[in-house]
Amino acid sequence: MLNPNNNFEHGDLAYLPPELHLLLPFARKRKIPKGSYLIEEGIVSHYFFLVVEGIFRTFRTIDAEEYITGFTFPGDIDGSAYSFFTTDPANETIQAITEAKIIVFYKADFTAQKRKDPALEDFILKLLSNYINILQNRLLEHQSITAEERYLLLLKQQPVESARIPLTYIASFLGISRERLSRIRKLIQV
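Here's a quick rundown of the structure. Note that the coordinates shown come from a computational prediction; the quantities given were computed from them, not determined experimentally.

What holds strands together in a sheet is hydrogen bonding between their backbones, with the strands either parallel or antiparallel. On the basis of which strands lie adjacent, the open sheet formed by four strands has the order β2-β7-β4-β5 and antiparallel pairing. Because the sheet does not close on itself, it has two edges, and the strands there are β2 (37-39) and β5 (65-72). On average, adjacent strands in this sheet sit at an angle of 35 degrees to one another, irrespective of strand direction. Summarising the sheet, strand β4 (residues 56-62) and strand β7 (residues 93-96) pair through four bridges and their orientation is antiparallel. Among the inter-strand pairings, Phe 56 is bridged to a residue of β7, identified as Ala 96.

Attention now moves to the pattern of salt bridges. Taken as a whole and assessed by the stated rule, the structure comprises four salt bridges. The partner of Arg 28 in a salt bridge is Asp 109, with the nearest N and O atoms 3.3 Å apart. In this pair, Arg 28 sits in strand β1 (residues 28-32) while Asp 109 sits in helix α3 (residues 107-116), placing the two residues 81 residues apart along the sequence. Judged by its relative accessible area of 39%, Arg 28 is partly exposed.

For the rest of this paragraph, the subject is the environment of Phe 56. Relative to the helices and strands, Phe 56 resides in strand β4. Residue classification places Phe 56 among the buried positions, given a relative accessible area of 0%. Sequence separation of Phe 56 and Glu 99 is 43 residues, and the distance between their C-alpha atoms is 9.2 Å.

This paragraph deals with the sheet that holds strand β3 (residues 47-53). Strand order in the open sheet formed by four strands is β1-β8-β3-β6, and the pairing between neighbours is antiparallel. Here the strands that pair on one side only, and so sit at the sheet edges, are β1 and β6 (77-79). Each neighbouring strand pair of the sheet contributes to a mean axis angle of 35 degrees, computed without reference to strand direction. The sheet contact formed by β1 and strand β8 (residues 100-106) spans five bridges and is antiparallel. Paired with Lys 29 across the strands is Ile 103, a residue of β8. Relative to β8, α3 is tilted by about 50 degrees, and along the sheet it contacts β1, β3 and β8.

Cut-offs applied
- Residues numbered from 1 in each chain as written.
- Predicted model: local features only at pLDDT ≥ 70, side-chain atom pairs only at ≥ 80, totals over all residues.
- Heavy atoms only, no water.
- Pairing = 2+ DSSP bridges.
- Helix = DSSP H or I, 4+ residues; strand = E, 2+ residues; numbered from the N terminus.
- Axes fitted to C-alpha atoms, helices over the stretch in contact; angles between N-to-C directions.
- Salt bridge = Lys/Arg side-chain N within 4 Å of Asp/Glu carboxyl O.
- Buried < 20%, exposed > 50% of the residue type's maximum accessible area, 1.4 Å probe, protein only.
- Contact = heavy atoms within 4.5 Å.

In structure tokens, the structure reads:
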């Protein structure tokens, strides 16, 4: 998730940053079925995307175990930043948790437009800076607050969308077992 929690209205492209409007003529709208993989670990990704509707999860697989590193919600921009910029294979997988609608921005179009308008370079730097900040905050949260507090934070930030995420995925994101998440949920409901 390169730019989580944007204030875009669902499906209202007027709220996109002006830089993305430069790319809209080249962007492609896609419907993504639930369970589909948008980006796969080990495969080069030549695009990033804006979520118009739906929810995605990002995960890495280590020793046949999936570790969820984040969720992507409507208004978020996502992709494999590493693969997009280096053209090396992605080191994560992004999968649709629900049916989704996205707008895809391809690297070739971005590169061509970047030559015409340097504002796109600044835009990408802002996105990457924001992404680094999000990752630093997430690391700090994992070190400084409990799984219960992280769960409450997810509920606060995404009250509607978090209800659509399977509990197994939320538990993985929090770094706890599903049983422990169930106990936390019972305590919260009291």
